[in-house]
Amino acid sequence: MRVLHLTDPHLFADRRGALRGAVTYDTLQLVIAHYLDSDFEADFIALTGDIVQDDSAEAYAHCHELVSSLGLPVLCVPGNHDVRSLMRDLLPDPPFSYCGSIESGNWLITGIDSCSAGRAGGRIAERALRRMEEAIAASSAGHVMVCLHHPPVPMHSKWLDTVGLDNGDEFLARAASSGRVRAAIFGHVHQHYDAEHDGIRLVATPSTCRQFLPRADEFAVDDRPPAYRLIELHADGSINAELMWVESG
């Protein structure tokens, strides 16, 4: 199974809307064009939150326009900037699946809501954890990848770690208890991360717009360009993941 991971586009109702100098509609377009010029043919898209920046229905419509143009199923989960009721209403039908699951090639990919209302940081509710466990138990797939927005481990960045996932340890323990979760992919941190924790590979993909400076004590923007990630999930449980930086020039 081949996955295109997109995250944190931060779209606005106004296509000219900019986040810290990046016109986010344009940068998402640029990322999609870069993917289309590659020789990677994804089976589906994982879109891991912060789809919009301004709480608008129009921004979700822009997401639908740009992402659905690829003609692929889209498993999407909310981020702290998303309006979950709007997201469920405006991205309700194929190719989009809100916190859904996809099963193919001995893999189950399932999405989980890590958001906590009114907060930048996250916490996975008990009902969402149970839903994840039930989806895994109901699947015959030998391997599982979970998609969420918030990082379940510290990023070693003082300010960013104050808005991480409150119950990351619980999430990882319950994911590991199945014996089948091989990976979790996430956004939120606007930077690259790829490490193994207790047998689970944790992968963060940078944003399709602006990035955060890694390991910074105070908030700082990095000068790295927009990015996306190409992930191959093999039938034996092994994973290949390639980070793609998208230069505008």
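Rules of the game
Residues numbered from 1 in each chain as written. Predicted model: local features only at pLDDT ≥ 70, side-chain atom pairs only at ≥ 80, totals over all residues. Heavy atoms only, no water. Helix = DSSP H or I, 4+ residues; strand = E, 2+ residues; numbered from the N terminus. Expected span 1.5 Å × (residues − 1). Contact = heavy atoms within 4.5 Å. Polar contact = N/O pair within 3.5 Å; in protein donor to acceptor, adjacent residues only side chain to side chain. Core = buried A, V, L, I, M, F, W, Y, C linked by side-chain atoms within 4.5 Å. Buried < 20%, exposed > 50% of the residue type's maximum accessible area, 1.4 Å probe, protein only. Salt bridge = Lys/Arg side-chain N within 4 Å of Asp/Glu carboxyl O. Pairing = 2+ DSSP bridges. Right-handed = clockwise from strand over helix to strand, strands pointing away. Axes fitted to C-alpha atoms, helices over the stretch in contact; angles between N-to-C directions. Parallel < 35°, antiparallel > 145°, perpendicular 65-115°, else oblique. Left-handed = near helix turned anticlockwise from the far one by under 90°.

S.K.: Just give me the short version of helix 2 (residues 57–68), but keep the residues and values in it.
M.R.: Taking 1.5 Å of rise per residue, the 12 residues of helix 2 would be expected to cover 16 Å, and the 16 Å separating its terminal C-alpha atoms lies within 8% of that figure. Elements in contact with the buried residues of helix 2: helix 1 (24–37), strand 4 (44–47), strand 5 (74–76), helix 3 (84–90) and strand 6 (96–98).

S.K.: Which residues make up the environment of Asp-54, and what are the values?
M.R.: Inspection of the secondary structure assignment puts Asp-54 in the loop between strand 4 and helix 2. The spatial distance from the C-alpha of Asp-54 to the C-alpha of His-81 is 8.0 Å, given a sequence separation of 27 residues. Once residues lying within four places of it in the same chain are set aside, the contact partners of Asp-54 are Leu-11, Phe-12, Ala-13 and Ala-59. One polar contact links the side chain of Asp-54 to the main-chain amide nitrogen of Ala-13, over a distance of 2.7 Å. Reaching out from Asp-54, the side chain makes a polar contact with the side chain of Ser-56 at a distance of 2.8 Å.

S.K.: Tell me about the nonpolar core, and please be specific about residues and values.
M.R.: With 48 residues, the main nonpolar core has Leu-4, Tyr-35, Ile-109, Met-145, Tyr-228 and Leu-233 as its most contacted residues. If we ignore the near neighbours within four places in the chain, the residues touching Leu-4 are Tyr-35, Ala-42, Phe-44, Ile-45, Ala-46, Leu-70, Tyr-228, Arg-229 and Leu-230. One finds Leu-165, Val-181, Phe-186 and Ile-200 within the second-largest nonpolar core, a separate group that totals 30 residues.

S.K.: Could you give an account of the pattern of salt bridges, with specific residues and numbers?
M.R.: Within the structure shown, the criterion is met by 10 salt bridges. Between Asp-14 and Arg-16 there is a salt bridge; the shortest N-O distance is 3.1 Å. Connected through shared salt-bridge partners, Glu-126, Arg-130, Glu-133, Glu-170 and Arg-174 make up one network.

S.K.: Explain the side chain of Thr-7 residue by residue, including any values.
M.R.: For Thr-7, the position within the fold is in the loop between strand 1 (2–6) and strand 2 (18–19). Given the relative accessible area of 0%, Thr-7 is considered buried. A polar atom in the side chain of Thr-7 sits 2.7 Å from the side chain of Asp-8. A distance of 2.6 Å separates the side chain of Thr-7 from the side chain of Thr-48, its partner in a polar contact.

S.K.: Tell me about the pairing of strand 8 (residues 107–111), and name the residues and values.
M.R.: Where burial is concerned, most of strand 8 is hidden: 5 out of the 5 residues are buried. Alignment of strand 7 (residues 101–104) against strand 8, held across 4 bridges, turns out to be antiparallel. Each residue of the ladder has a partner; that of Glu-103, found in strand 8, is Leu-108. The loop that links strand 7 with its antiparallel partner strand 8 comprises 2 residues; one of these, Gly-105, has a positive phi angle of about 55 degrees. Examined bridge by bridge, strand 8 and strand 9 (residues 143–147) share 5 bridges and lie parallel to one another. Bridge pairing in strand 9 places Ile-109 opposite Met-145. As a crossover connection, the stretch from strand 8 through helix 4 (residues 126–138) into strand 9 is right-handed.

S.K.: Residue-level account of the packing of helix 4 against helix 5 (residues 168–176), with values.
M.R.: Look at helix 4 against helix 5: their axes get within 10 Å of each other, and the N-to-C directions meet at 20 degrees. In terms of orientation, helix 4 lies roughly parallel with respect to helix 5. Judged by the sense of rotation from one axis to the other, the crossing of helix 4 with helix 5 is right-handed. Contact residues: Glu-126, Leu-129, Arg-130, Met-132 and Glu-133 in helix 4; Glu-170, Phe-171, Arg-174 and Ala-175 in helix 5.

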